[in-house]
Amino acid sequence: MSVNLLGKLALVTGSTTGIGLGIAHSLASKGCSVILTGIIDQTLVSGLLSEFTRDDYKGRVHFFPSDFLEIENVETFCQDVLALYPDGIDILVNNAGVPGRGLIENVSTKLWQDTISVNLNAPFVLTRAFFPLMKKRGWGRIINMSSQMGQVGEVGKLAYCTTKSALIGFSRVVALEGAQFGVTCNAICPGFVDAPMCHSIIEKQAMEKGITFEESKVDFLKERCPNRRLIPVSDITELISFLCSDAGSSMTGSPILVDGAYTAR
């Protein structure tokens, strides 16, 4: 399906690498202007922006540095975006996240608070800032990156599972409040995506077992992935493109699993 987003403006958090960067490229390839944000060495920003200076990318691109550990920082970030784009944005992809791993007794207060800050508080503050302008315009798309771990529990992922579950409930309420104004909101729940966060898990297991990354990956796929493959980033990016299209206008308030049957077991 061909999706044309020419004239739209998207903000994708956590878009300097991995899934977020893939989402930004996918939206840009469909004509969308894109705001990139994340934590990155300032010497690398020009190289990041140069990736988007292509003849087939018709929109603009901007980068705003961000650190979402404090609500005040997120509020300042929103003010900076609105100073450049006073009419707001059309598409908000709340993709930034932290894993927040640890058994209950080992979860420090700081880890717990940091996980909530990035995974839940930041989407709230960003949505609160841009949602009214979407309603006023009569069109908007809010996509929250939850996880398969928002649908199930897993030992050692208390903070992560908690915040990703909460994002699903958050998305349902935003969808209801936006339903009469042409604003949709969904929570995508990916499984193990072929991206840095999943790679770090495989690398950790390889070190613990004293085996190669590829050997660890084979074991990981057998143990965790019923379809025996990591989920391509493109599966996520194309789903988001669909949700941003006119054909996706009735899909709202949904937790959408893209997990290779992980939660079907």
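Basis of the calculations
- Along every chain, residues carry numbers that run from 1 in the direction the sequence is written.
- Whole-chain, interface and lining totals are the exception, using all residues; otherwise, since this is a predicted model, local features are given only for residues with pLDDT of at least 70 and side-chain atom pairs are given and counted only at 80 or more.
- By convention in this description, side-chain values take in all heavy atoms of the structure and omit both hydrogens and water.
- For this text, the term disulfide refers to a pair of cysteine sulfurs within 2.5 Å.
- Throughout this description, buried means an accessible area under 20% of the type-specific maximum (1.4 Å probe, protein chains only), exposed means over 50%, and partly exposed covers the range between.
- The way it works is that DSSP assigns letters per residue, a run of H or I at least four long becomes a helix, a run of E at least two long becomes a strand, and they are numbered from the N terminus.
- Helix span, as expected, comes to 1.5 Å for every residue beyond the first.
- Think of it as the arc spanned by the lines of direction from the helix axis to the C-beta atoms.
- Contacts are assigned to residue pairs with any non-hydrogen atoms lying within 4.5 Å of each other.
- Here the nonpolar core consists of buried residues drawn from Ala, Val, Leu, Ile, Met, Phe, Trp, Tyr and Cys, with membership extended through side-chain atoms lying within 4.5 Å.
- One side-chain nitrogen of Lys or Arg within 4 Å of one carboxyl oxygen of Asp or Glu is enough to make a salt bridge.

Draft legend 1. Spotlight on the state of the cysteines. All chains considered together, the criterion is met by zero disulfides. Not engaged in a disulfide, the cysteine Cys 161 finds its nearest cysteine sulfur in Cys 189; these two sulfurs lie 12 Å apart. In this model Cys 225 remains outside any disulfide bridge; the closest cysteine sulfur is found in Cys 198, 6.7 Å from its own. We classify Cys 225 as buried; its relative accessible area is 5%.

Draft legend 2. Spatial organisation of helix α3 (residues 71-84). A rise of 1.5 Å per residue sets the reference length of α3, with its 14 residues, at 20 Å; its end C-alpha atoms lie 20 Å apart and thus fit the reference within 8%. By the burial criterion, the buried members of α3 are Val 74, Phe 77, Cys 78 and Val 81. Angularly, the buried residues of α3 cover 100° about the axis, an arc narrow enough to put them on a single face. The exposed set on the far side of α3, more than 90 degrees from its buried face, consists of Gln 79 and Ala 83. As for α3, its buried residues are in contact with β1 (9-12), β2 (33-38), β3 (61-65) and α4 (109-137).

Draft legend 3. Quick peek at the nonpolar core. By size, the foremost hydrophobic cluster in this structure holds 34 residues, and its most contacted members are Ile 23, Leu 27, Ile 91, Ile 188, Ile 236 and Ile 240. Going through the elements one at a time, β1, α1 (18-29), β2, α2 (45-50), β4 (91-94), β5 (140-145), α8 (233-244) and β7 (255-258) are the ones with two or more residues in this core. Looking at this core element by element, the count peaks at six residues for α1. Excluding residues within four positions of it along the chain, Ile 188 makes contact with Ile 143, Asn 144, Met 145, Ser 146, Ser 147, Leu 239, Ile 240, Leu 243, Ile 256 and Val 258. Of all hydrophobic cores here, the second largest spans 27 residues; its members include Tyr 85, Leu 167, Val 174 and Val 183.

Draft legend 4. Structural view of the pattern of salt bridges. If you walk through the whole model with that rule in mind, you get eleven salt bridges. Measuring nitrogen to oxygen at the nearest pair gives 3.5 Å for the salt bridge that ties Asp 90 to Arg 137. In this pair, Asp 90 sits in the loop between α3 and β4 while Arg 137 sits in helix α4, placing the two residues 47 residues apart along the sequence. Overall, Asp 90 belongs to the buried group, its relative accessible area being 8%. With a relative accessible area of 34%, Arg 137 lands in the partly exposed category. The salt bridge partner of Asp 219 is Lys 209, with a shortest N-O separation of 3.7 Å. Of the two residues, Asp 219 sits in helix α7 (residues 213-224) while Lys 209 sits in helix α6 (residues 196-209), which places them ten residues apart along the sequence. A cluster of three or more residues bridged by salt bridges with shared partners is formed by Glu 154, Lys 157 and Arg 224.

Draft legend 5. Region of the structure containing unusual backbone geometry. At Arg 228, a residue that is not glycine, the phi angle is positive and equals roughly 60°. By secondary structure assignment, the location of Arg 228 is in the loop between α7 and α8. Taking relative accessible area as the criterion, Arg 228 reaches 47% and is therefore assigned partly exposed. In this structure, Ala 261 takes a positive phi of about 75° despite not being glycine. Within the secondary structure layout, Ala 261 lies in the segment after β7. A relative accessible area of 36% places Ala 261 in the partly exposed class.

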